[in-house]
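Descriptive analysis of the structure
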Amino acid sequence: MTDVDTLPPAGPAAIDAVPLRHPWRWVAAVVIVILAVLFLYGAATNEAFRWPKFFEYLFNERVLTIGLVNTLQLTVYSMVLAIALGVLLAVMRLSPNPVFKAVSWVYLWIFRGTPVYVQLVFWGLIPTIYAVIQLGIPFGPSFFHLNLQALSIPFLLAIVGLALNEAAYMAEIIRAGISSVPEGQSEASTALGMSWGMTMWRTVLPQAMRVIIPPTGNEVISMLKTTSLVTAVPFTLDLFGITSREIAAREFAPVPLLMVAAFWYLVVTSVLMVGQFYLERYFSRGASRKLTTKQLEALAKAQQIGEAGHV
């Protein structure tokens, strides 16, 4: 046997790979940066923006303690009611009862088919349409009497109008999330002796949340911005009403006050987006095939132990 026969076989020749260049990407990036700088310079030097007025009212006490607080309250209260009613409507849509299905479908048809601004105007006219509410025996004594025109309830009417509209969309989101869970999961839970409620709480809903959370987060953000339409009720003590109607009309400065409102909408929306990210990551546990660092370390350690056992 010669020395040549003992040499290991030669491997494939190394490939001299040259990365593909994309010069137009850099050109596009430079153009975008230049346009952004020109826009910012123009906005900073344009007297119509009235930046001193913007900074004067950016942290105004009335804007924060009344406008921003009322906007957050409208968002939270409306979404809580919308989610509760949306769950009920979703269950009605999935029910084998044809009456429940029909009622749910008609509700969704009406509230998804008409603009939310029109609905809010209607709710604002409720004290005019139904000036007095009476409950009792027809042509007999009255047990309950309520004069709506004597009450100041625009805030309550705004919450009801926003919640009823949003419930139609939440119902479809929740229904889609429940339907995304395989029926075998419910059948297995029933075989283990779980009740329907426990099956929904322990098996179906945790898996459905992966589908429900992302669009629900988007709906919360959308609700925050939709609160700017409650002036149709009319309720003018929200963030948009305080800035663009009250202060802007007094100061004759609509542009800087609109930017104040836009700034705080953007701040709250950014916080909600961060919260949505962590919620999605929490409920998506176990759904991804990508292993975490701890899982990879545990896997490597188990592999080392297995190799040592074989030796």
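This write-up is about the structure you can find in this document. Since we're looking at a predicted model, the values are computed, not measured. (Residues numbered from 1 in each chain as written. Predicted model: local features only at pLDDT ≥ 70, side-chain atom pairs only at ≥ 80, totals over all residues. Heavy atoms only, no water.)

A few words now on the overall build of the protein chain. Across its full length, the protein chain holds 13 helices and 2 strands. Expressed as a percentage of contacts within the protein chain between residues at least 6 apart in sequence, the contacts between residues at least 24 apart total 73%. Looking at the protein chain as shown, the accessible area adds up to about 20,900 Å², and 69% of this sits on carbon and sulfur atoms. (Helix = DSSP H or I, 4+ residues; strand = E, 2+ residues; numbered from the N terminus. Contact = heavy atoms within 4.5 Å. Areas by Shrake-Rupley, 256 points an atom, 1.4 Å probe, with all protein chains shown as cover.)

Its boundaries defined by the atoms lining it, the largest pocket holds a volume of some 340 Å³. Around the largest pocket, the lining comprises 15 residues; the ones closest to its centre are Leu-94, Ile-178, Ser-186, Trp-196 and Met-200. Of all the secondary-structure elements, those providing two or more residues to the lining of the largest pocket are helix 4 (61-94), helix 8 (154-179), helix 9 (183-191) and helix 10 (196-226). Looking at which element gives the most residues to the lining of the largest pocket, the answer is helix 10, with 4 residues. Along the lines of polarity and charge, the residues of the lining of the largest pocket split into 8 nonpolar, 6 polar and 1 charged. (1 Å grid on protein atoms, 1.4 Å probe; cavity = no way out; pocket = protein on both sides within 12 Å on 5 of 7 lines; lining within 4 Å. Points joined across faces, edges and corners; volume = space filled by probe spheres on them. Nonpolar A, V, L, I, M, F, W, Y, C, P; charged D, E, K, R; others polar.)

This structure, assessed with the given rule, holds 6 salt bridges. Between Glu-172 and Arg-93 there is a salt bridge; the shortest N-O distance is 2.9 Å. Residue Glu-172 is located in helix 8, and its partner Arg-93 is located in helix 4; the two are separated by 79 residues in the primary sequence. Overall, Arg-93 belongs to the partly exposed group, its relative accessible area being 22%. Measuring nitrogen to oxygen at the nearest pair gives 3.8 Å for the salt bridge that ties Glu-172 to Arg-112. Taken as a pair, Glu-172 in helix 8 and Arg-112 in helix 5 (residues 98-113) lie far apart in primary sequence, 60 residues in all. Arg-112 gets classed as partly exposed once you look at its relative accessible area, which sits at 42%. Overlapping salt bridges, with partners in common, bring together Arg-93, Arg-112, Glu-172 and Arg-175 in one network. (Salt bridge = Lys/Arg side-chain N within 4 Å of Asp/Glu carboxyl O. Buried < 20%, exposed > 50% of the residue type's maximum accessible area, 1.4 Å probe, protein only.)

Take a nonpolar patch on the surface next. Residues Tyr-117, Val-121, Phe-122, Leu-125, Ile-129, Tyr-130, Ile-133, Leu-135, Ile-137, Phe-143 and Phe-144 make up a contiguous nonpolar surface patch of about 1,100 Å² in total accessible area. For the nonpolar patch, the secondary-structure elements that each account for two or more residues are helix 6 (116-124), strand 1 (132-136) and strand 2 (142-147). Top element by residues in the nonpolar patch is helix 6. It accounts for 3 residues. Relative to the helices and strands, Ile-137 resides in the loop between strand 1 and strand 2. (Patch = residues over 30% accessible without salt bridge, like charges linked within 9 Å, V, L, I, M, F, W, Y side chains within 5 Å.)

Judged by nonpolar contacts, the single largest core of 37 residues is most densely connected at Leu-89, Tyr-107 and Val-230. Mapped onto this core, the elements with two or more residues apiece are helix 4, helix 5, helix 6, helix 8 and helix 10. Ignoring anything within four residues of it in the chain, the contact list for Leu-89 reads Ser-104, Tyr-107, Leu-108, Ala-167 and Ala-171. Listed in part, the 18 residues of the second largest apolar core include Leu-224, Leu-239, Ala-253 and Ala-261. (Core = buried A, V, L, I, M, F, W, Y, C linked by side-chain atoms within 4.5 Å.)

For the rest of this paragraph, the subject is the environment of Ala-158. Tracing the backbone through its elements, the reader meets Ala-158 in helix 8. Owing to a relative accessible area of 0%, Ala-158 belongs among the buried residues under this scheme. A C-alpha to C-alpha distance of 6.3 Å links Ala-158 and Val-233, two positions 75 residues apart in sequence. Setting aside anything within four residues of it in sequence, one finds Ala-158 in contact with Leu-74, Leu-120, Val-230 and Val-233.

What follows covers the packing of helix 5 against helix 8. The contact between helix 5 and helix 8 brings their axes to 9 Å, and the two run at 120°. Classified by the angle between their axes, helix 5 and helix 8 sit oblique to one another. For the pair helix 5 and helix 8, the crossing hand works out as left-handed. Residue-level contacts link Tyr-107, Leu-108, Phe-111 and Arg-112 of helix 5 to Leu-164, Asn-165, Ala-167, Ala-168, Tyr-169, Ala-171 and Glu-172 of helix 8. Of the residues that constitute the contact of helix 5 with helix 8, the class distribution is 8 nonpolar, 1 polar and 2 charged. (Axes fitted to C-alpha atoms, helices over the stretch in contact; angles between N-to-C directions. Parallel < 35°, antiparallel > 145°, perpendicular 65-115°, else oblique. Left-handed = near helix turned anticlockwise from the far one by under 90°.)

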